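Below, each chain spelled out in residue letters.
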Amino acid sequence: MTAIKVENLEKDYGKVKALKGISFEVEEGEIFGLIGPNGAGKSTTLKILATLLIPTGGRAEVYGHDVVSEADEVRKLISYLPEEAGAYKNLTGYEYLEFMAKLYSKTGKSVEEMLKLGIEIAGLGERIHDKVATYSKGMTRKLLLARALMVIPKLAILDEPASGLDIVNAYAIRQTIKRFARDEGVTFLISSHNMLEVEFLCDRVALINKGIIIDIGTPKELKEKYNAENLEEVFM
Ligand code: ATP
């Protein structure tokens with residue numbers, strides 16, 4: 001089943017053409033990476049799919065639902081983790097997940113089950129009972145990932161999920177993503193400018209630069225095609 005279908009998607013911010021007609025499709029259960037340098041249009045693409053931005057042209061569907069005309073349907077299927085996300089600093093990690101689980105319980109899932117899963121994903125041990133304000137960046141990001149995945153969404157849209165983190169926490173986050181794709185069939189759309197990350201994580205990757213998709217393939221295919229040791233060289 002097709003999880004994401006993007007056709008000739010365009011987005012202008014005033015005179016800035018952030019997306020110049022991109023197209024790609026993602027199958028259910030795939031981990032799909034959007035990779036490119038700063039300003040390539042990655043976050044813009046993710047925000048459109050998360051129903052937070054209206055495209056200027058073209059269209060995008062999530063599990064057959066148009067992200068503009070059927071935004072409510074799309075929102076029931078997705079979790080979105082923005083790049084600069086934060087959690088409520090005055091709550092403990094536990095209180096934060098409990099609060100979120102109660103919000104999400106409107107979807108019909110049990111608060112207890114979501115909370116249990118969230119605590120397990122966060123992997124913070126006893127620190128789950130400390131205030132978020134005392135967490136490192138990596139701990140906060142794991143808590144946010146737990147929030148995003150405890151509902152077991154059909155599609156998780158993650159903007160630079162492991163960027164800027166220490167290797168231990170970055171590894172934990174990547175392992176969680178892989179596990180949820182494999183065991184729960186969650187589809188992932190991930191943006192990154194870390195080539196090693198996408199090589200490790202993604203089934204397929206779209207190379208994006210200046211609002212245009214240059215190529216799509218498995219990390220291995222792209223490395224061979226561009227005769228590059230790692231994907232970073234493709235943009236040089
Ligand atoms: P980064 O890794 O730096 O977040 P990105 O690939 O996610 O880069 P976008 O954030 O999608 O890129 O930005 C694409 C282009 O659109 C850039 O030129 C950026 O400056 C511009 N842009 C993004 N948001 C806005 C906005 N709200 N107003 C004006 N221009 C914007």
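In short, a report on the structure. Being a predicted model, the structure only gives us computed values, none of them experimental.

### Looking at the overall build of the protein chain
Assigned secondary structure in the protein chain consists of 8 helices and 10 strands. Against the globule reference of 18 Å for 236 residues, the protein chain gives a C-alpha radius of gyration of 18 Å, in line with a compact fold. Restricting to contacts in the protein chain with at least 6 residues of sequence separation, those with at least 24 account for 66%. In the form shown here, the protein chain has an accessible surface area of approximately 11300 Å², with 51% of it arising from carbon and sulfur atoms.

### Topic: the packing of helix 4 (residues 111-122) against helix 5 (residues 137-149)
Two elements in contact, helix 4 and helix 5, have axes separated by 8 Å at closest approach and are oriented at 145°. For the crossing formed where helix 4 meets helix 5, the hand is right-handed. Contacts from L117, G118, I121 and A122 in helix 4 reach K142, L143, L145, A146 and L149 in helix 5. Split by residue class, the contact of helix 4 with helix 5 holds 7 nonpolar, 1 polar and 1 charged.

### Considering the pairing of strand 3 (residues 31-35)
Most of strand 3 is tucked away: 5 of the 5 residues are buried. Burial along strand 3 is two-sided: the residues I31, G33 and I35 and F32 and L34 are all buried. Pairing of strand 3 with strand 9 (residues 204-209), which is carried by 4 bridges, proceeds in the parallel orientation. Of the residues in strand 9, the one forming a bridge with G33 is V205.

### Structural notes on the sheet that holds strand 1 (residues 2-13)
Strand order in this open sheet of 4 strands is 2-1-4-5, and the pairing throughout is antiparallel. Of all strands in the sheet, those bounded by a partner on one side alone are strand 2 (16-27) and strand 5 (65-66). Of the strand pairs in this sheet, strand 1 and strand 2 are connected by 9 bridges, and their pairing is antiparallel. Following the sheet pairing, V6 is matched in strand 2 by F24. Packing against the sheet, helix 1 (residues 42-49) makes contact with strand 1, strand 2 and strand 4 (57-62), and its axis sits at approximately 60° to strand 2.

### Points about the site of the ligand
Around the ligand, the structure places 13 residues, and the nearest of them are G39, G41, K42, S43 and T44. Here an oxygen atom of the ligand and a backbone polar atom of G41 are 2.9 Å apart. A distance of 2.5 Å is found between an oxygen atom of the ligand and a side-chain nitrogen or oxygen belonging to T44. Taking 630 Å² as the accessible area of the ligand by itself, protein coverage stands at 61%. Elements with a minimum of two residues in the shell around the ligand: strand 2 and helix 1. Among the elements that take part in the shell around the ligand, helix 1 stands out by supplying 3 residues, more than any other. Class assignment of the residues belonging to the shell around the ligand gives a composition of 5 nonpolar, 5 polar and 3 charged.

### Remarks on the sheet that holds strand 10 (residues 212-217)
The strand order across the open sheet formed by 6 strands is 6-7-8-3-9-10, and the pairing between neighbours is mixed. Looking at the sheet topology across the chains shown, the edges are occupied by strand 6 (78-81) and strand 10. Averaged over all pairs of adjacent strands, the angle between strand axes in this sheet comes to 15°, irrespective of strand direction. Across 5 bridges, the pairing between strand 3 and strand 8 (residues 187-192) is parallel. In the strand pairing of strand 8, I31 is matched with F188. Sitting on the sheet, helix 5 is in contact with strand 6, strand 7 (155-159) and strand 8, with an inclination near 165° to strand 6.

### Considerations on helix 4
Three- or four-residue spacings in an α-helix give side chains the same orientation, since the helix completes a turn every 3.6 residues. Between its first and last C-alpha, helix 4 extends 16 Å over 12 residues, near the 16 Å set by a 1.5 Å rise per residue. Turning to helix 4, its buried residues number three or more, namely V111, M114, L115, L117, G118, I121 and A122. Considered in projection along helix 4, the buried side chains sweep an arc of 165° and stay on one side of the axis. Pointing more than 90 degrees away from the buried face of helix 4 are the exposed residues E112, E113 and K116. Against helix 3 (93-104), helix 5 and helix 6 (167-184) lie the buried residues of helix 4. Phi turns positive, to about 60°, at G123, one or two residues after helix 4.

Quick notes on the rules
- Residues numbered from 1 in each chain as written.
- Predicted model: local features only at pLDDT ≥ 70, side-chain atom pairs only at ≥ 80, totals over all residues.
- Heavy atoms only, no water.
- Helix = DSSP H or I, 4+ residues; strand = E, 2+ residues; numbered from the N terminus.
- Rg over C-alpha atoms; globule rule 2.2 N^0.38 Å.
- Contact = heavy atoms within 4.5 Å.
- Areas by Shrake-Rupley, 256 points an atom, 1.4 Å probe, with all protein chains shown as cover.
- Axes fitted to C-alpha atoms, helices over the stretch in contact; angles between N-to-C directions.
- Left-handed = near helix turned anticlockwise from the far one by under 90°.
- Nonpolar A, V, L, I, M, F, W, Y, C, P; charged D, E, K, R; others polar.
- Buried < 20%, exposed > 50% of the residue type's maximum accessible area, 1.4 Å probe, protein only.
- Pairing = 2+ DSSP bridges.
- Near = heavy atom within 4 Å.
- Polar contact = N/O pair within 3.5 Å; in protein donor to acceptor, adjacent residues only side chain to side chain.
- Expected span 1.5 Å × (residues − 1).
- Arc of directions from axis to C-beta.

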